[in-house]
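Remarks on the overall topology
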Amino acid sequence: MHDVQTMEVAARGRGPVVQNWTMTFASRLGEWRSAGGSLAQSLARAVQNAVLDGQIPVGSPMPSERALARDMDVSRGTVVAGLALLRDAGWIETRHGSGSVVRLPPQLTTRTTPWSLDHAAGDIEFDLTQAVTAAPYQTYLAAARRAVDRSATLLVDAGTATAGLPQLRGLLAERYTQQGLATTPSQILITSGAMSALTLLVDHLCDRRRPILVESPTYPGALAVLRRSGAPLVSLPVDAEGWRRVANLIRSSRANLAYLTPDFHNPTGALMPGDVRRQVGAHGDRHDVTVVVDETMRDLDLRTPPAAIPHVAGPRVITIGSTSKVIWSGLRVGWIRASSALIRELLLNPLHARLSSPPLEQLIAHDLLGDLDEIVCERRTQLRTQRDHLVNLLDGNDAWSYTVPLGGLTMWLQLHNTTGIALAAQARRRGLALTPGPQFSVDRTLTNYLRVPFTATPEVLTRAIGLLTSPPT
Ligand SMILES: Cc1ncc(COP(=O)(O)O)c(C=O)c1O
């Protein structure tokens, strides 16, 4: 395996190593000639794919044109044309006097849209089934580098699962306290994301003889965790207007556990009003229902200006959170906020070690969460633009109605003339993948709904909605 440093040393003049790298470079492009288009375009596309697959690391030196032409068995002219395409698109950077290096183009590294969303495989051109964003590129890389430097003291210790790094637990406790929910570090347990947190809590708290109360629609990942518990699920209807029956259902459902997402609910984007938040806290306590509140979307507030959101609080309320929406799904760090006594119990649960987060990830999360304002601000600006663009595209079409979401990542369309399954199937045949309503439903209803994320760029959203609305051919 060549690391970038070795290759840069190689590029500075150790002849045979340079030659090896040129051959390695050429071999990592695979069967590039079969890709279609001109040879130069195929070559450029093959280099892009090899960079994205990690075969050619970002920062690698580009072999010389002459060496590439020889090892790839093409004319120098083809190589020159291929490299010009790559240079124009920002995939290679030429430094005067010291050759070219592989880069990722700024149009990829400065957007919140993941690369795979508009470069999906096979017959799918745009994959809008997941509501996820790319990482804040430069900020994340810098944090990851600092985290490596700071990991020295961790390396001399055991590395086994704990409740989490003290500095991260401390930071999260401080954040809750600043937001009006007094919290000590002993009330925080770090997990590998919000769904790991939910898995651990359900394993620990679920009584299969009593139902779990869950919003419908809700995030399908959470539904999957709750279904595996074996407890019956009772659905709590949520629409853009909110959670009208929540107090009633907490009182009457016999549930011992409820799972709620009051902050920019996935998929509707709804925000639970303050009075309902207070009712949830009070009724959970009065009726012996432990309420797990998922705050994963909390920071994706798209109101202008964003306003403070009170936490749902009460003696029976447990809060879970995650870095996966506000920073990146690849950063597997989430947490549970509960009583110190429950945190101590959870540490004894055998699942805890399996669901904990690696220490280096926690260091990265600590770095980024400690200085989140810029990330959040940029993310909100891009998402707001994309949401508004999507609303413009959908507006005036009587095939659907919707409420503009106040936050989150998705729009929830109520369809008037067809079902979500039929419309998603039609879109799929045209190369657009979307998730229909029943996947968000406790009992596979919500058939007249479709979720459309606004995690794509405005250009992609325009083309996607074009595919959704074009008449049958
Ligand atoms: C409400 C909600 N919670 C949690 C998650 C994912 O959490 P994590 O990746 O931290 O497990 C999602 C992802 O879409 C979500 O919508």
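The model shown is predicted, which means the values in this text are computed figures rather than measured ones.

Notes on the overall build of the protein chain
For the protein chain, the count of helices and strands is 19 helices and 15 strands. For 473 residues, the compact-globule formula gives about 23 Å, and the C-alpha radius of gyration of the protein chain, at 25 Å, lands near that figure. Based on the C-alpha atoms only, the size of the protein chain along its principal axes is roughly 75 × 65 × 40 Å. When the 473 residues of the protein chain are sorted by exposure, 51% land in the buried category. Looking at the protein chain alone, contacts between residues at least 24 apart form 71% of all its contacts between residues at least 6 apart. For the protein chain, the accessible surface area stands at approximately 21,500 Å², while carbon and sulfur atoms represent 52% of it. Taken together, the 47 basic and 41 acidic charged side chains of the protein chain have centroids lying 3 Å from each other.

Re the sheet that holds strand 7 (residues 257-260)
Read across the sheet, 7 strands follow the order 4-10-9-8-7-5-6 without closing on themselves; strand pairing throughout is mixed. A single partner strand is all that each edge strand has here, and the edge strands are strand 4 (188-191) and strand 6 (233-237). Geometrically, the sheet is characterised by an average inter-axis angle of 25° between neighbouring strands, direction not taken into account. With 4 bridges connecting them, strand 4 and strand 10 (residues 334-337) associate as antiparallel partners. Within strand 10, the position partnered with Ile-188 by the bridge is Arg-337. Set on the sheet, helix 9 (residues 166-178) makes contact with strand 4, strand 9 (317-322) and strand 10; between it and strand 4 the angle comes to about 120°.

Here we look at the domain arrangement of the protein chain
Domain boundaries in the protein chain define domain 1 (2-104), domain 2 (159-370) and domain 3 (374-469). The straight-line distance from the C-alpha centre of domain 1 to that of domain 2 is 47 Å.

A short note on the site of the ligand
In the vicinity of the ligand lie 14 residues, with Ala-194, Asn-266, Asp-294, Ser-322 and Lys-325 positioned nearest. Contacts to the ligand include Asp-294, whose side-chain N or O atom sits 2.6 Å from a nitrogen atom. The protein chains hide 94% of the 400 Å² of surface that the ligand would expose on its own. Split by residue class, the shell around the ligand holds 5 nonpolar, 6 polar and 3 charged.

Describing the packing of aromatic side chains
Counting across every chain of the model gives 5 aromatic pairs. An angle of 75° between the planes, with centres 5.4 Å apart, marks the rings of Trp-412 and Phe-440 as edge-to-face. With a gap of 28 residues between them, Trp-412 in strand 12 (residues 410-415) and Phe-440 in the loop between strand 14 (435-436) and strand 15 (449-453) connect regions that are remote in the sequence. Both rings, one in Trp-412 and one in Tyr-449, keep their centres 4.9 Å apart while their planes meet at 10°; by these two values the pair is stacked. Of the two residues, Trp-412 sits in strand 12 while Tyr-449 sits in strand 15, which places them 37 residues apart along the sequence. Tyr-449 carries the same exposure label as Trp-412, and that label is buried. Among the aromatic residues, those joined into a cluster by ring pairs are Trp-412, Phe-440 and Tyr-449. Directly above the aromatic system of Tyr-176 lies the positively charged group of Arg-337, at a separation of 5.8 Å from the ring centroid.

Comments concerning the side chain of Thr-435
Its place among the elements puts Thr-435 in strand 14. By relative accessible area, Thr-435 is classed as buried at 9%. Those residues in contact with Thr-435 that lie beyond four places of it in its chain are Thr-129, Phe-440, Leu-450 and Arg-451.

Some points on the sheet that holds strand 14
The strand order 11-12-15-14 describes an open sheet built from 4 strands, whose pairing is antiparallel. The open sheet has two edge strands, strand 11 (400-401) and strand 14, and neither has a second partner. Pairing of strand 11 with strand 12, which is carried by 2 bridges, proceeds in the antiparallel orientation. Each bridged residue has a counterpart across the sheet, and for Trp-400 the counterpart in strand 12 is Leu-415. Along the sheet, helix 18 (residues 420-429) makes contact with strand 11, strand 12, strand 14 and strand 15, crossing strand 15 at roughly 45°.

Digging into the nonpolar core
Counting 34 residues, the largest nonpolar core has Leu-390, Leu-432, Leu-434, Leu-450 and Leu-468 as the members making the most contacts within it. Broken down by element, this core gets its largest block of residues, 6 residues, from helix 19 (residues 458-469). Mapping this core onto the domain boundaries places at least three of its residues in each of domain 2 (159-370) and domain 3 (374-469). Contact partners of Leu-468, with chain neighbours within four places excluded, come to Trp-400, Leu-423, Gln-426, Ala-427, Arg-430, Leu-432, Leu-434 and Leu-450. Counting residues in each nonpolar core, the second largest holds 29 residues, with Ala-163, Leu-226, Tyr-259 and Ile-343 among its members.

A word on the environment of Leu-43
By secondary structure assignment, the location of Leu-43 is in helix 3 (residues 39-52). Residues Leu-43 and Arg-95, 52 residues apart in the sequence, show an inter-C-alpha distance of 21 Å. With residues near it in sequence (within four places) discarded, Leu-43 still touches Leu-29, Trp-32, Met-72, Thr-78, Val-79 and Gly-82.

Considerations on a negative patch on the surface
A grouping of Asp-371, Asp-373, Glu-374 and Glu-378 is seen on the molecular surface, where their side chains present a negatively charged patch. Summarising the element assignment, Glu-374 is placed in helix 17 (residues 373-394). In this structure Glu-374 comes out as exposed when scored by relative accessible area, which is 56%.

Reading the values: rules and limits
- Residues numbered from 1 in each chain as written.
- Predicted model: local features only at pLDDT ≥ 70, side-chain atom pairs only at ≥ 80, totals over all residues.
- Heavy atoms only, no water.
- Helix = DSSP H or I, 4+ residues; strand = E, 2+ residues; numbered from the N terminus.
- Rg over C-alpha atoms; globule rule 2.2 N^0.38 Å.
- Buried < 20%, exposed > 50% of the residue type's maximum accessible area, 1.4 Å probe, protein only.
- Contact = heavy atoms within 4.5 Å.
- Areas by Shrake-Rupley, 256 points an atom, 1.4 Å probe, with all protein chains shown as cover.
- Lys, Arg positive; Asp, Glu negative; His and termini not counted.
- Charge placed at Lys NZ, Arg CZ, Asp CG, Glu CD.
- Pairing = 2+ DSSP bridges.
- Axes fitted to C-alpha atoms, helices over the stretch in contact; angles between N-to-C directions.
- Domains from an automatic or database assignment.
- Near = heavy atom within 4 Å.
- Polar contact = N/O pair within 3.5 Å; in protein donor to acceptor, adjacent residues only side chain to side chain.
- Nonpolar A, V, L, I, M, F, W, Y, C, P; charged D, E, K, R; others polar.
- Phe/Tyr/Trp six-rings, centres within 6.5 Å; stacked < 30°, edge-to-face > 60°.
- Lys NZ or Arg CZ within 6 Å of the ring centre and 35° of its normal.
- Core = buried A, V, L, I, M, F, W, Y, C linked by side-chain atoms within 4.5 Å.
- Patch = residues over 30% accessible without salt bridge, like charges linked within 9 Å, V, L, I, M, F, W, Y side chains within 5 Å.
- Salt bridge = Lys/Arg side-chain N within 4 Å of Asp/Glu carboxyl O.

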